[in-house]
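Per-entry structural report
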Amino acid sequence: QAQLVESGGGLVQPGGSLRLSCAASGSIFGISVMGWYRQAPGKERELVAQFWPGGSTRNADFVKGRFTMSRDNAKNMLILQMNSLKPEDTAVYYCNAYYNGINYWGKGTPVTVSS
């Protein structure tokens, strides 16, 4: 079983930056599909970015040139660096791990982009 805890969300002005972190406990960090999703008010949850165990990544189109996902395997941490934030990036951001048919979710961290 895995536990995921997100941090780093908050209020930021358009054009600003935030760094989200996900601390993962359990033994699946290095062998799971790990990633970030977000859910804006009134909308469905959507993929932001994913790491696959073989090293490949999958990113949403809106990530390009603005968001960078990284991982620290020694600390079991997943990082999402978000730059050039826009009001439409406002959402709750969730850390996700998928392993052996099971989705694990953190409780989410809210991001609000507003002037």
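Details of the structure are given in the entry above.
The text that follows walks through the structure, step by step, so that each part is easy to find. None of these values were measured; they are calculated from a predicted model. Every chain is numbered independently, its residues counted from 1 as its sequence is written. Residue-level local features of this predicted model are given only where pLDDT is at least 70; pairs of side-chain atoms are given and counted only at 80 or more, and the full residue set underlies all totals for whole chains, interfaces and linings. Here the side-chain values reflect all heavy atoms present in the structure, with hydrogen atoms and water set aside.

A separate point is the overall build of the chain. Helix and strand definitions here come from DSSP, where helices need a minimum of 4 consecutive H or I residues and strands a minimum of 2 consecutive E residues; each element is numbered from the N-terminal end. Along the chain, the regular secondary structure elements total zero helices and eleven strands. When the helices and strands of the chain are placed in sequence order, the string is β-β-β-β-β-β-β-β-β-β-β. Principal axes of the C-alpha set define a box for the chain whose edges measure 40 × 25 × 25 Å. In the chain, of all internal contacts separated by at least 6 residues, the share reaching a separation of at least 24 is 53%. Note on areas: Shrake-Rupley, 1.4 Å probe, and residue coverage restricted to the protein chains presented here. Here the chain displays about 6300 Å² of accessible surface, and carbon together with sulfur accounts for 48% of that area. His residues and chain termini do not enter the charge count, which takes Lys and Arg as positive and Asp and Glu as negative. A charged residue contributes its charge at one atom only: NZ of Lys, CZ of Arg, CG of Asp or CD of Glu. Taking the average location of the 11 positive side-chain charges in the chain and that of its 7 negative ones, the two points are 4 Å from each other. Here, two residues are considered to be in contact whenever any of their heavy atoms come within 4.5 Å of each other.

So, on to the pairing of strand 3 (residues 18–25). As paired strands, strand 1 (residues 3–7) and strand 3 are joined by five bridges and run antiparallel to one another. Residue pairing across strands places Glu 6 opposite Cys 22, the latter belonging to strand 3. Pairing analysis gives six bridges linking strand 3 to strand 8 (residues 77–82), with the strands arranged antiparallel. Counted as the bridge partner of Arg 19 is Gln 81 from strand 8. One requirement defines pairing of two strands: DSSP has to find at least two bridges between them.

Sheet analysis places strand 9 (residues 91–99) next to strand 10 (residues 102–105), joined by four bridges and oriented antiparallel. Within strand 10, the residue paired with Tyr 99 across the bridge is Ile 102. Taken together, strand 9 and the strand that follows it, strand 10, pair antiparallel across an intervening segment of two residues, in which Asn 100 is found at a positive phi of about 55°.

Here we take up the packing of aromatic side chains. Centre distance within 6.5 Å is the pairing criterion for rings of Phe, Tyr and Trp, where only the six-membered ring of Trp is used; planes under 30 degrees apart are then read as stacked, over 60 as edge-to-face, and the remainder as tilted. Per the counting criterion, the structure on display carries three aromatic pairs. The rings of Tyr 37, Tyr 94 and Trp 105 are connected pair by pair, giving a single aromatic cluster. One residue, Arg 38, lies across the ring of Phe 62, its end atom 3.7 Å from the ring centre. Here, over-ring charges are defined by two tests on the NZ atom of lysine or the CZ atom of arginine: distance to the ring centre within 6 Å, and angle to the ring normal within 35 degrees. The positively charged end of Arg 45 is found above the aromatic ring belonging to Tyr 94, 3.7 Å away from the centroid.

This next bit is on the sheet that holds strand 7 (residues 67–72). In space, the four strands of this open sheet follow the order 1-3-8-7, with antiparallel pairing throughout. The open sheet has two edge strands, strand 1 and strand 7, and neither has a second partner. Between one strand and the next, the sheet's axes are offset by a mean angle of 15°, whatever the strand orientation. The sheet contact formed by strand 7 and strand 8 spans six bridges and is antiparallel. Pairing of Met 69 across the sheet is with Leu 80, part of strand 8. All axes here are fitted lines through C-alpha atoms, helices being fitted over the stretch that makes contact, and every angle between N-to-C directions spans 0 to 180 degrees.

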